[in-house]
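Given next are the chains, with one letter for each unit.
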Amino acid sequence: MRKANYGKFPSTKLTGMLVQGWDSIISMLKEKMDARKVLAVDLYTGVYEEEVLDAFSKEFSGRVMNVRDLMKPEKEIQTLTERFMTEDVLFGYVTNLKLEDYLDADKVAVARKQISEAKETIVIIGTGAAVVAPQDAMVVYADMARWEIQQRFRRHEVKALGIDNRNDAVSLQYKRGYFNDWRVCDRYKEGLFDRVEFWIDTHVAGTPKMIDKDTFFKGVEATVNTPFRVVPFFDPAPWGGQWMKEVCDLDRERENFGWCFDCVPEENSLYFEVNGVRFELPSVDLVLLKSKELLGEPVEARFGKDFPIRFDFLDTMGGGNLSLQVHPTTQFIRDSFGMYYTQDESYYMVDAGEDAVVYLGVKTGVDKEAMIGDLRKAQKGELVFDAEKYVNKIPTKKHDHFLIPGGTVHCSGANSMVLEISSTPNLFTFKLWDWQRLGLDGKPRPINVERGKCVINWNRDTEYVNEHLRNQFKEVASGEGWIEERTGLHPNEFIETRRHRFSSPVLHHTNDSVNVLNLLEGEEAVVESPTHAFEPFVVHYAETFIIPAGVKEYTIAPYGKSAGKECVTIKAYVRF
Ligand SMILES: O=P(O)(O)OC[C@H]1O[C@@H](O)[C@@H](O)[C@@H](O)[C@@H]1O
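Residues numbered from 1 in each chain as written. Predicted model: local features only at pLDDT ≥ 70, side-chain atom pairs only at ≥ 80, totals over all residues. Heavy atoms only, no water.

Per an unreviewed UniProt entry, the protein chain goes by Mannose-6-phosphate isomerase and derives from Bacteroides xylanisolvens.

Next comes the structure, spelled out in structure tokens:
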């Protein structure tokens, strides 16, 4: 059996300033404040606020202000955010609120007066601390990746921005984060990058680490000028499988793993390994700070500071079918949820069992009303939906690639290992039928037949699927020891995908777009700069890696155990 070599802890290595533990952090801050009187400890939502408040209260007893106490009453904040939260259990509407909208002007005025009259150091802690503090205050920031926040939601541990919603269902906490709080916090953080003098990592409770501004920016520069990987995260699913346990060397005791997110920069982390110590930060910081260099100018012009390409794994080996589902069209996602681009997808089969299938598109001539009628009845438990009567069930094998533009009914079946190469949104799944199965919480998962009905494209039928959505491979270039094929995506989708089979080095160009790749065959490959602009970067089987647009030229060659053997990569970039 092959030994797993998948790297779970990729990092950017650098030297710089790093201290660990609250005592060392606080004594360093005291020293660096010099004569300044105010310390603002700003927090991303999801940080364990009590831990930070306790740590600073020990040293600055009676002189710590909590920003939560300066916010509007919870009821008012509920009203303020109501139209973005909506009544739906899963979906809200993208907020346009700013952090300042949360603060109570009178309370802030009183606090500022207290601060200006204080004789001793005052410490302001919480999201918005830097707004309350005077301009000459020392600002430090405790950041938090969305993936870790989601873990804390599941344990009902952290409050939302301005309200205590810890007892809410996890999906509601997530909804508030996704549609409101994270957007408010990202916008606010963007304005603080220049002001923050120290960054604190509190991703692991009780073991805080702090780096200074120079080290932070050194890490950011180092990462954006070289191939890099974000920190992958793995999650169980009702349909989850067993493949990743072996290939990615995961906890064998867990029942299954369904998901691996290994390129969703808005949710993943980055590791800076500073003097050998791992410092964690949200990878979205890189997107916010270096959008042009990372995404490429034309991509940034279209998507702003949004990283538009998502790679993730869906493992159903020994598991079940995903829900039969459909994703919204652009107009629908815009009108209903305020998202400006939609969840277009594709499934690349990294591996497939003998009986693997993909459900894709409706059968030609299908009776729409009958299908929707049956889905409605199935939702009420009145019948078992006969998917094969209405939807194409396509046998699949390793290295097939299916294109799934919004509006196409689809799902991967059991015993498949899918690499999803998709646009970034990933929440907007309208489940039509969930095979009489319960979610991980033991409850039926929300079904959205009525929304699905509005977006299903009935022209995506058997012929259409065969002609346009299934294995659209076309050789586009070749050379000594390599072949390049175009594999998609569909013209409605903005992502282009290219597969390379190679036993010798292949020269790639980023062509002004971020490139995202995965090593689909081969134990190891090395990414190098023809001009030695970055250090050789070794990738392993099944790892996803990102090449910033600014890198421009790079080569990929079989390496180590794979030297001289054929390797396969798939590459995605924005088409324009
Ligand atoms: O929604 P379930 O059944 O968990 O399916 C898993 C996932 O399938 C993929 O194709 C994506 O569309 C995801 O957004 C979706 O959530």
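Anyway, onward from the coordinates.
Chemist: I'd like a rundown of unusual backbone geometry, residues and numbers included.
Modeler: Put simply, Gly488 and Leu489 share a cis peptide bond, and its omega is -5 degrees. Considering the arrangement of structural elements, one finds Leu489 in the loop between β23 (482–488) and β24 (495–502). At Asn275, a position not held by glycine, the phi torsion is positive, near 50 degrees. You can see Asn275 is positioned in the loop between β11 (269–274) and β12 (277–282). Even without a glycine there, the phi angle at Lys552 is positive, about 65 degrees. Classification of Lys552 by relative accessible area gives exposed; the value is 52%. (Helix = DSSP H or I, 4+ residues; strand = E, 2+ residues; numbered from the N terminus. Buried < 20%, exposed > 50% of the residue type's maximum accessible area, 1.4 Å probe, protein only.)

Chemist: Go over the site of the ligand, please, and point to the residues and values.
Modeler: Near the ligand, the surroundings consist of 16 residues, among which Ser323, Gln325, His327, Tyr347 and Lys431 are the closest. Separating an oxygen atom of the ligand from a side-chain N or O atom of His327 is a distance of 2.7 Å. Note that an oxygen atom of the ligand is positioned 3.4 Å from one of the side-chain N or O atoms of Glu420. Residue composition of the shell around the ligand, by class: five nonpolar, seven polar and four charged. (Near = heavy atom within 4 Å. Polar contact = N/O pair within 3.5 Å; in protein donor to acceptor, adjacent residues only side chain to side chain. Nonpolar A, V, L, I, M, F, W, Y, C, P; charged D, E, K, R; others polar.)

Chemist: Before we move on, can you summarise the packing of aromatic side chains with the specific residues and values?
Modeler: Taken as a whole and assessed by the stated rule, the structure comprises 36 aromatic pairs. Of the aromatic side chains, those joined through ring pairs into one cluster are Phe91, Phe153, Tyr174, Tyr178, Phe179, Trp182, Phe332, Phe337, Phe428 and Phe430. Geometry around Tyr48 places Arg152 over its ring, the cationic atom sitting 3.6 Å from the centre. When the ring centre of Tyr6 is taken as origin, the NZ or CZ atom of Arg229, which lies over that ring, is 5.2 Å away. (Phe/Tyr/Trp six-rings, centres within 6.5 Å; stacked < 30°, edge-to-face > 60°. Lys NZ or Arg CZ within 6 Å of the ring centre and 35° of its normal.)

Chemist: Just give me the short version of the packing of helix α1 (residues 22–32) against helix α2 (residues 49–59), but keep the residues and values in it.
Modeler: Helix-helix packing is characterised by the crossing angle of the two axes and by the distance between the axes. Their axes nearest at 10 Å, the elements α1 and α2 cross at an angle of 60 degrees. By the criterion of interaxial angle, the relationship of α1 to α2 is oblique. Helix-helix and strand crossings are classified by hand; for α1 and α2 the assignment is right-handed. Between α1 and α2, the residues in contact are Trp22, Ile26, Leu29 and Lys30 and Glu51, Val52, Ala55, Phe56 and Glu59, respectively. Each residue belonging to the contact of α1 with α2 can be placed in one class, and the counts come to six nonpolar, no polar and three charged. (Axes fitted to C-alpha atoms, helices over the stretch in contact; angles between N-to-C directions. Parallel < 35°, antiparallel > 145°, perpendicular 65-115°, else oblique. Left-handed = near helix turned anticlockwise from the far one by under 90°. Contact = heavy atoms within 4.5 Å.)

Chemist: I'd like a rundown of α1, residues and numbers included.
Modeler: Among the residues making up α1, those that are buried are Trp22, Ile25, Ile26, Met28 and Leu29. Viewed end-on, α1 has its buried residues packed into an arc of 160 degrees, placing them on one side of the element. Every exposed residue of α1 that faces more than 90 degrees away from the buried side is listed here: Asp23 and Glu31. Buried-residue contacts for α1 involve β2 (18–20), β3 (38–43), α2, β6 (138–143), β7 (196–201) and β8 (209–212). After α1 finishes, the residue Asp34 shows a positive phi value of roughly 50 degrees. (Arc of directions from axis to C-beta.)

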